[in-house]
Amino acid sequence: MAVTIKDIAREAGVSIATVSKVINDKAHVAPGTREKVLRVMDKLSYAPNAAAANLARRSSKNVLYADRFYKGLPYENPHMFDIICGASHELSRKGYRLSLLNLDSCGKKPEEVFEEAILSRVADGIIVSSAFVTPHVERLMLRYDFPQICIGEPGFDTVLSWIDTNNTLSSDLAVEHLLSTGCRTLAFMGGRREDRIFMDRLRGFRSAMEKRGLELREEYITYNPPEVEAIARSAAALLELPQPPDGMICTNSLMAVGAVRAIREKGLAIPGDVSLVAFDDHPYSPMVSPQPTIIDIDLFSLGVHAGGLLLKKIRDPAMLVQTYTALPRLLLRGTTRP
């Protein structure tokens, strides 16, 4: 019976993935481990199947975008689709397709879905939301030497590659603008606690307030579902505080819709009594009157960069990329004073 890669792995006491890396001369194998595998291959007279090795190295010209996809998602997280469009644009320029990998299907754990996708060889690399990147997923990606780019900096020290927007800088820009127009009591209208983008922006808000020596009490921070009525009630509660805010920062344009409704129902003027800054121009800010002042982040550009960097990693899997991109810009409109 012919010796197989499984036999080599069992005899050497390593994984099949490690043997595959040695056969295909991939990186991320310790020199001692590589030597051990080669000795076992020689001992068992194992000759790699050239046709199979060539098939393993053949490019699929496909890249996966991994996240949860479900009904209503475009309204809850419009950021994602700007990133997907940017990545698809860049990949298609280089002859690649972008396919979606749903991590919200079949009742499987994300790491199981990742491993099945990697072993099926349906793609040459993956772009993945950092919300699903854990130390377990990191080990999986490294085990198979699979090219990847995380959207968002993972919440732990990692040797995986990632690209992110600087949400701390974005929140600092919002705080600086409101203070420059005369606001002194600021509130932050946020989303759910599991929303990574919101939590990053909230951390930036806290940092910006602390840097300026301004007090930030927890009652001036709200956590809201993506429902206008709930957001409006939350904003109304802020306006009923003993010292109501004269400046509000909304983590997205949907928050701005609910906040403006509450401000109007209280009979207050915008921006005379309450000024407002929102992140993200779309999809809801065109529905708001007056048009909200916006912290705009070009997430299409972020997707373009992610696609381009992943293609470089496909060519050189050992390359490490950890960077911020897509700098924010302030779009002055009618919800803040000149």
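In this text, all values refer to a predicted model and were calculated from it rather than measured experimentally.

Here's the deal with the environment of Gly 213
- Inspection of the secondary structure puts Gly 213 in the loop between helix 10 (196-211) and strand 7 (221-223).
- Residues Gly 213 and Ser 99, spaced 114 residues apart in sequence, show a C-alpha to C-alpha distance of 47 Å.

Digging into the nonpolar core
- Judged by nonpolar contacts, the single largest core of 41 residues is most densely connected at Tyr 65, Ile 151, Val 175, Leu 186, Phe 205 and Ile 249.
- With six residues, the top contributor of residues to this core is helix 13 (residues 299-315).
- Look past the residues within four positions of Leu 186 in its chain and what remains in contact with it is Val 175, Leu 178, Leu 179, Phe 205, Met 209, Tyr 220, Pro 245 and Gly 247.
- Judged by nonpolar contacts, the second largest core, of 26 residues, contains Met 189, Leu 238, Val 257 and Ile 263.

Looking at the packing of helix 1 (residues 5-12) against helix 2 (residues 16-23)
- Relative to each other, helix 1 and helix 2 sit at 110°, their axes nearing to 9 Å. Judged on the interaxial angle alone, helix 2 and helix 1 are roughly perpendicular. On helix 2, the residues that touch Ile 5, Lys 6, Ile 8 and Ala 9 of helix 1 are Ile 16, Val 19, Ser 20 and Ile 23.
- Across the contact of helix 1 with helix 2, the residue classes tally to six nonpolar, one polar and one charged.

Points about the sheet that holds strand 10 (residues 293-296)
- Spatial strand order, 7-6-8-9-10-12: six strands in an open sheet with mixed pairing. The sheet is open, and its two edges are formed by strand 7 and strand 12 (329-331), each paired on a single side. The average undirected angle you get between the axes of adjacent strands in this sheet is 20°.
- Of the strand pairs in this sheet, strand 8 (residues 247-250) and strand 9 (residues 275-279) are connected by four bridges, and their pairing is parallel. The partner of Ile 249 across the bridge, within strand 9, is Val 277.
- Running at roughly 170° to strand 6 (residues 186-190), helix 10 makes contact with strand 6, strand 7, strand 8 and strand 9 of the sheet.
- On the sheet, helix 12 (residues 253-265) packs against strand 6, strand 8 and strand 9 and is oriented at approximately 160° with respect to strand 9.

Thoughts on unusual backbone geometry
- Put simply, Ile 270 and Pro 271 share a cis peptide bond, and its omega is 5°.
- Secondary-structure assignment places Pro 271 in the loop between helix 12 and strand 9.
- At Arg 121, a position not held by glycine, the phi torsion is positive, near 55°.
- Relative to the helices and strands, Arg 121 is located in the loop between helix 7 (110-120) and strand 3 (125-129).

Remarks on the packing of aromatic side chains
- In total, this model carries four aromatic pairs according to the counting rule given.
- Between Trp 162 and Tyr 324, the aromatic rings sit 5.4 Å apart at their centres with planes inclined by 65°, giving edge-to-face as the arrangement. Separated by 162 residues along the polypeptide, Trp 162 in strand 5 (residues 162-165) and Tyr 324 in strand 11 (residues 322-325) bring together distant segments of the chain.
- Among the aromatic residues, those joined into a cluster by ring pairs are Phe 188, Phe 198, Phe 205 and Tyr 223.
- Its guanidinium or amino end placed over the ring of Tyr 223, Arg 193 lies 3.7 Å from that ring's centre, counting from NZ or CZ.

The rules behind these values
- Residues numbered from 1 in each chain as written.
- Predicted model: local features only at pLDDT ≥ 70, side-chain atom pairs only at ≥ 80, totals over all residues.
- Heavy atoms only, no water.
- Helix = DSSP H or I, 4+ residues; strand = E, 2+ residues; numbered from the N terminus.
- Core = buried A, V, L, I, M, F, W, Y, C linked by side-chain atoms within 4.5 Å.
- Buried < 20%, exposed > 50% of the residue type's maximum accessible area, 1.4 Å probe, protein only.
- Contact = heavy atoms within 4.5 Å.
- Axes fitted to C-alpha atoms, helices over the stretch in contact; angles between N-to-C directions.
- Parallel < 35°, antiparallel > 145°, perpendicular 65-115°, else oblique.
- Nonpolar A, V, L, I, M, F, W, Y, C, P; charged D, E, K, R; others polar.
- Pairing = 2+ DSSP bridges.
- Phe/Tyr/Trp six-rings, centres within 6.5 Å; stacked < 30°, edge-to-face > 60°.
- Lys NZ or Arg CZ within 6 Å of the ring centre and 35° of its normal.

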